[in-house]
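Read off the chains here:
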Amino acid sequence: TQLLEQSPQFLSIQEGENLTVYCNSSSVFSSLQWYRQEPGEGPVLLVTVVTGGEVKKLKRLTFQFGDARKDSSLHITAAQPGDTGLYLCAGAVPSNTGKLIFGQGTTLQVKP
Amino acid sequence: GAGVSQSPSNKVTEKGKDVELRCDPISGHTALYWYRQRLGQGLEFLIYFQGNSAPDKSGLPSDRFSAERTGESVSTLTIQRTQQEDSAVYLCASSSGQSPAGANVLTFGAGSRLTVL
């Protein structure tokens, strides 16, 4: 069974601070995605990383896929209250095209 | 439709009753997923349909849970003899299923919140 462990599970910071969320596994994934979910809604895709070592930037968000494709990180620079939400990583299971396993999520609260 | 539609949005039932949750995926999407999300938690994989292939049922927690999909359209998740631990939000997602490295882009519905009393 492939598992994704996210840390921290909960993060409360002040506006303007930087933060990093981690997503780790002992298993290899063929690709990894990050989603953001707001209360009462379904998750929405932020980014997909496919190649080991890949780094992608989305405005103040930086995503990295580990060289061995077992882990990923999400870094937010100068967090804003609008960044508040549940951040979820999801890994695509190799040899099972399309099956996605999610981590348990990181709840981020950014205070003004 | 423009998005993934789930119904009911809210369901309260008594322990031991059966419930059916419905998902209308985006038209043309060949892949359909069901996940369970407990309060403040991540998404627990339940079942995955891809085209005409046999569904991946490896996440269904017990034989009280079943799901069907008619062709590439509507899916129904059925929970028989509901228990209090079944209380959760059940999320459905669909995907065109054509991304490389299994990186399907999932579009989620808003979920069906199930409360078992």
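Figured I'd write up the structure that's included with this text.

Reading the values: the criteria
- Residues numbered from 1 in each chain as written.
- Chains lettered and ligands numbered in written order.
- Predicted model: local features only at pLDDT ≥ 70, side-chain atom pairs only at ≥ 80, totals over all residues.
- Heavy atoms only, no water.
- Phe/Tyr/Trp six-rings, centres within 6.5 Å; stacked < 30°, edge-to-face > 60°.
- Helix = DSSP H or I, 4+ residues; strand = E, 2+ residues; numbered from the N terminus.
- Buried < 20%, exposed > 50% of the residue type's maximum accessible area, 1.4 Å probe, protein only.
- Pairing = 2+ DSSP bridges.
- Axes fitted to C-alpha atoms, helices over the stretch in contact; angles between N-to-C directions.
- Contact = heavy atoms within 4.5 Å.
- Buried area = accessible area lost by both parts, 1.4 Å probe.
- Salt bridge = Lys/Arg side-chain N within 4 Å of Asp/Glu carboxyl O.
- Polar contact = N/O pair within 3.5 Å; in protein donor to acceptor, adjacent residues only side chain to side chain.

### A closer look at the packing of aromatic side chains
Applying the stated criterion to the full structure yields eight aromatic pairs over all chains. Relative to F108 of chain B, the ring of Y35 of chain A lies with its centre 5.9 Å away and its plane at 90°, an arrangement referred to as edge-to-face. Placement of Y35 of chain A in strand β4 (residues 31–37) and of F108 of chain B in strand β9 (residues 107–108) is noted, with the two residues assigned to different chains. Judged by its relative accessible area of 0%, Y35 of chain A falls in the buried class. Linked through ring pairs, Y35 and F102 of chain A together with Y33, Y35, F45, Y48 and F108 of chain B together constitute an aromatic cluster.

### Re unusual backbone geometry
A cis amide bond links S7 of chain A with the next residue in sequence, P8 of chain A, at an omega value of -10°. Looking along the chain, the bond that leaves S7 of chain B and enters P8 of chain B is cis, with omega of -10°. You can see P8 of chain B is positioned in the loop between β1 (5–7) and β2 (10–13). A positive phi is found at K59 of chain A, a non-glycine position, where the angle reads about 55°. With respect to the helices, strands and loops of the structure, K59 of chain A is situated in the loop between β6 (55–58) and β7 (61–65).

### Some remarks on the sheet that holds strand β8 (residues 71–76) of chain A
Residues and elements named next belong to chain A. Taken together, the five strands give an open sheet; going across it, the order is β1-β3-β8-β7-β6, and neighbouring strands pair in antiparallel fashion. Looking at strand neighbours, the two that pair on one side only are β1 (5–7) and β6, the edges of this open sheet. This sheet shows a mean twist of 15° between the axes of neighbouring strands, independent of strand direction. Pairing analysis gives three bridges linking β1 to strand β3 (residues 19–24), with the strands arranged antiparallel. Within β3, the position partnered with Q6 by the bridge is C23.

### Here's the deal with the interface of chain A and chain B
One frequently used descriptor of interface size is the decrease in accessible area upon assembly of the parts. At the junction of the two partners, chain A supplies 25 residues and chain B supplies 21 residues. For chain A, the biggest contributors to the area lost against chain B are K99, L100 and F102 of chain A; these three give 26% of the whole. Taken together, the connections running from chain A to chain B amount to one salt bridge. A salt bridge links D56 of chain B to K99 of chain A; its shortest N-O distance comes to 3.5 Å. One can count six residue pairs in polar contact (both at pLDDT 80 or more) joining chain A with chain B.

### So, the sheet that holds β1 of chain B
Residue and element names in this part refer to chain B. Taken together, four strands build an open sheet; the order of strands is β1-β3-β7-β6 and the sheet is antiparallel. For this open sheet the edge positions go to β1 and β6 (65–69), each flanked by a neighbour on one side alone. Direction aside, neighbouring strands of the sheet carry axes that sit 15° apart on average. In terms of strand pairing, β6 meets strand β7 (residues 75–79) through five bridges, oriented antiparallel. The residue bridging A67 from the neighbouring strand is L77, located in β7.

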